[in-house]
Amino acid sequence: MLRRLPRVVGTAVSLAAIVALATQHLLPALRHGPAVPERLGMTLLVLAAAYWGMGTMLRRAARRAWRELDSLGPMISRVIPLLMLTMLFFFYNAEIWQVAAQLTMQRTWAAVAVIALLSISLAAGNANDELGRMLEDHAKDPEAEAHPVRRAERFNVLLVSVLVTMIQVTLLAILVFVGFLAFGALSITEGTATQWIGKAPAQFEGFLAILPNTINRPMVQVCLVLAGLGALSFVASAGADPAYRTNFVEPVLREMREGLDVCDAYVAARHQCECADQLAAEQRAERQP
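All values derive from a computational prediction rather than experimental measurement. (Residues numbered from 1 in each chain as written. Predicted model: local features only at pLDDT ≥ 70, side-chain atom pairs only at ≥ 80, totals over all residues. Heavy atoms only, no water.)

Digging into the nonpolar core
For soluble globular proteins, nonpolar side chains are generally found buried alongside one another.
Right, on to step 1. In this structure, F91, W97 and F180 are the most contacted members of the largest nonpolar core, which totals 50 residues.
Right, on to step 2. When contributions to this core are tallied by element, the ones reaching two or more residues are helix 4 (72-91), helix 5 (94-102), helix 6 (105-139), helix 7 (151-187), helix 8 (190-197), helix 9 (217-238) and helix 10 (242-287).
Right, on to step 3. Ranked by the residues each element gives to this core, the list is headed by helix 7, at 13 residues.
Right, on to step 4. Contact partners of F180, with chain neighbours within four places excluded, come to M84, M87, L88, F91, C223 and L226. (Core = buried A, V, L, I, M, F, W, Y, C linked by side-chain atoms within 4.5 Å. Buried < 20%, exposed > 50% of the residue type's maximum accessible area, 1.4 Å probe, protein only. Helix = DSSP H or I, 4+ residues; strand = E, 2+ residues; numbered from the N terminus. Contact = heavy atoms within 4.5 Å.)

Right under this line is the structure:
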């Protein structure tokens, strides 16, 4: 919204917002909120995100997530059945239900977060290898010699590749979670869960209490962990399996190559404009007495 305003107005509004965020604790109604160091940290985080263009990246990620819905067909036909088949043994294993019953939801989400970090690191490693090979081929192009890829540009391309991969992984994890949850609600009764856990499975409280009794808390925790492991397995397979690579990796690499070509064309056009402006300035200087 601020980009549509004049630069002076946008700067004034931004500074006013920063001051309001930093001094909000002085208001009696908001005195019990975050402390001053936390507010300053939030302000610096927002400024850093704006400097690195995270808003643009998030908008692009949202548009890409919408386009990635087209890949649900290949996921459902090729990936989901294989993952469900390989993980079905773990789903019908009493030990994993016993472990899940002893965990709180916070610790379960922490375990899922660790699996997510492993997936991101693996996706970053695969993307970095692919990017290195692609940049070697790109450097051989005569048109790209005048514009070598800088470190910031390489990081940007790597970030986009990892972001697209994680969007695919998130969609896959959601499908696996919903699939196991529906399968468990149909096939695992409360008596079976009680026999595995050793006690009646805990039910959700609060607004999640509207869920049917067939969906208990240990079942949701087991499905969350299996969805995370399925996503990690997908990232590992996408870097090695030819079928996964054709359907999910090659389109991302093709988009990265197109981005590098567009960048080269932009730099070349800007260089021509700068040369034309310099030549015009020299001609004007020569005509002056």
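What to know about the packing of helix 5 against helix 9
Right, on to step 1. Where helix 5 meets helix 9, the axes come as close as 9 Å, and the angle between the chain directions of the two elements is 110°. The angle between helix 5 and helix 9 falls in the class roughly perpendicular. Regarding helix 5 and helix 9, the two cross each other, and that crossing is right-handed. Where helix 5 abuts helix 9, its residues I96, W97, A100 and A101 lie against P218, M219, Q221, V222 and L226. (Axes fitted to C-alpha atoms, helices over the stretch in contact; angles between N-to-C directions. Parallel < 35°, antiparallel > 145°, perpendicular 65-115°, else oblique. Left-handed = near helix turned anticlockwise from the far one by under 90°.)

Details of helix 2 (residues 36-51)
Right, on to step 1. The first and last C-alpha atoms of helix 2 sit 22 Å apart over 16 residues, in line with the 22 Å expected at 1.5 Å per residue.
Right, on to step 2. Two residues or fewer past helix 2, G53 is found with a positive phi of approximately 75°. (Expected span 1.5 Å × (residues − 1).)

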